[in-house]
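Summary of structural features
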Amino acid sequence: MIRVTDLHKRFGGVHAVDGASVEIKTGTITGLIGPNGAGKTTLFNVIAGAFPPTSGTVELDGEDITGLPAHELFHRGLLRTFQIAHEFSSLTVRENLMMVPADQPGESLLGAWFKPAAVRASEKQIRDKVDDVLAFLNLTHLVDERAGNLSGGQKKLLELGRTMMVDAKIVFLDEVGAGVNRTLLNTIGDAIIRLNQERGYTFCMIEHDMAFISRLCDPVIVMAEGKVLVEGPADVVRKDERVIEAYLGIGRKQAAKHEEQAPSQTEPKAAEGSA
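Note that the structure is a prediction, hence the values are computed from the model and not measured. (Residues numbered from 1 in each chain as written. Predicted model: local features only at pLDDT ≥ 70, side-chain atom pairs only at ≥ 80, totals over all residues. Heavy atoms only, no water.)

Moving on, we come to the environment of Glu72. Position of Glu72 relative to the elements: it lies in helix H2 (residues 70-75). In this structure, the C-alpha to C-alpha distance between Glu72 and Gly153, residues 81 residues apart in sequence, is 28 Å. (Helix = DSSP H or I, 4+ residues; strand = E, 2+ residues; numbered from the N terminus.)

This next bit is on the confidence of the model for the protein chain. Detailed reading of the predicted coordinates is not advisable wherever pLDDT falls low. Of all residues in the protein chain, 90% have pLDDT values of 70 or greater, and the mean over the chain is 87. When the elements of the protein chain are averaged for pLDDT, helix H11 (residues 252-261) gives the smallest value, 51, and strand S4 (residues 55-60) the largest, 97. Overall, residues 264-275 carries pLDDT values under 50, and its contacts beyond four positions in sequence, including any with other chains, amount to 0 contacts. (pLDDT = per-residue confidence, 0-100. Contact = heavy atoms within 4.5 Å.)

Among the nonpolar cores identified, the biggest contains 49 residues, and Leu137, Leu160, Leu173, Ile192, Phe203, Met205 and Leu216 are the most heavily contacted of them. Top element by residues in this core is helix H7 (residues 182-199). It accounts for 7 residues. In this structure, Met1, Val46, Leu60 and Met223 belong to the second largest nonpolar core, which totals 27 residues. (Core = buried A, V, L, I, M, F, W, Y, C linked by side-chain atoms within 4.5 Å. Buried < 20%, exposed > 50% of the residue type's maximum accessible area, 1.4 Å probe, protein only.)

The next point concerns a nonpolar patch on the surface. A cluster of nonpolar residues, Leu109, Leu110, Trp113 and Phe114, forms a patch on the protein surface that exposes about 530 Å² of accessible area. By relative accessible area, which is 55% here, Leu110 ends up exposed. (Patch = residues over 30% accessible without salt bridge, like charges linked within 9 Å, V, L, I, M, F, W, Y side chains within 5 Å. Areas by Shrake-Rupley, 256 points an atom, 1.4 Å probe, with all protein chains shown as cover. Salt bridge = Lys/Arg side-chain N within 4 Å of Asp/Glu carboxyl O.)

Taken as a whole, the largest pocket holds about 550 Å³ of empty space. Residue lining of the largest pocket: 22 residues in total, with Phe74, Leu79, Arg80, Phe82 and Arg162 positioned closest to the centre. Contributions of two or more residues to the lining of the largest pocket are made by H2, strand S6 (78-80) and helix H6 (152-164). When residues of the lining of the largest pocket are assigned to their parent elements, the largest contribution, 5 residues, is made by H2. Of the residues contributing to the lining of the largest pocket, the split by class is 13 nonpolar, 6 polar and 3 charged. Estimated volume of the second largest pocket: approximately 320 Å³. The wall of the second largest pocket is formed by 14 residues, among which Pro101, Ala102, Met165, Val166 and Asp167 lie closest to the centre. For the lining of the second largest pocket, the secondary structure elements donating two or more residues are H2 and helix H5 (116-136). Each residue belonging to the lining of the second largest pocket can be placed in one class, and the counts come to 6 nonpolar, 4 polar and 4 charged. (1 Å grid on protein atoms, 1.4 Å probe; cavity = no way out; pocket = protein on both sides within 12 Å on 5 of 7 lines; lining within 4 Å. Points joined across faces, edges and corners; volume = space filled by probe spheres on them. Nonpolar A, V, L, I, M, F, W, Y, C, P; charged D, E, K, R; others polar.)

So this is what it looks like as structure tokens:
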């Protein structure tokens, strides 16, 4: 569904993405991991139209979408969420969801004046869709709550719900588990799996929680220093020497050797002032 070829993104002298090439297949939940500063979020931002690449191409279903702005990609079914939820805090949960579908007749002054029946019909259809989304995500009890009063995990579920209000082809999730307690994280994970298996959603997600990644994602792509380091199943990737070195700065064998040479934590320290 997504093909990224030799993508570069520079910010002045900083080469945030350095020749990355990535493929995301239809119907998968693809994980994107790597140490801080690896270029993961920058790659997301370029794909999702937050800013154009310095060079390279991005394709969606074989069509070149390089540099298209986010609002155009939205209409093509490419959506993303953010590490920090972007809810409209003063609106209710229902209102946050109802405002997502594009080209509503009530948004037009002429439509509101001269086509009230069409406006009412559209709003009923959207409200029915909201009810379906809230039931799917187990958020029905919060329908009239202001979004700003939700917990961090509930806000992440609301963001996921907003992607369900349109016909999304692929959703990019940026650290959906950040700041979320384990119970709600499991709920979010269950929703992602169901959306993938029951409704055919394709996902690509940045995440640091390897247990969460291992549960949901296949394949897993690892980035380091703006490049794609390795790709494969989670249990294989996490044992790869290059991945360990990228995260720890030293390889597994060197780390083991370092531990063997380190003084025992139980050895008594020399007495202060001794010769």
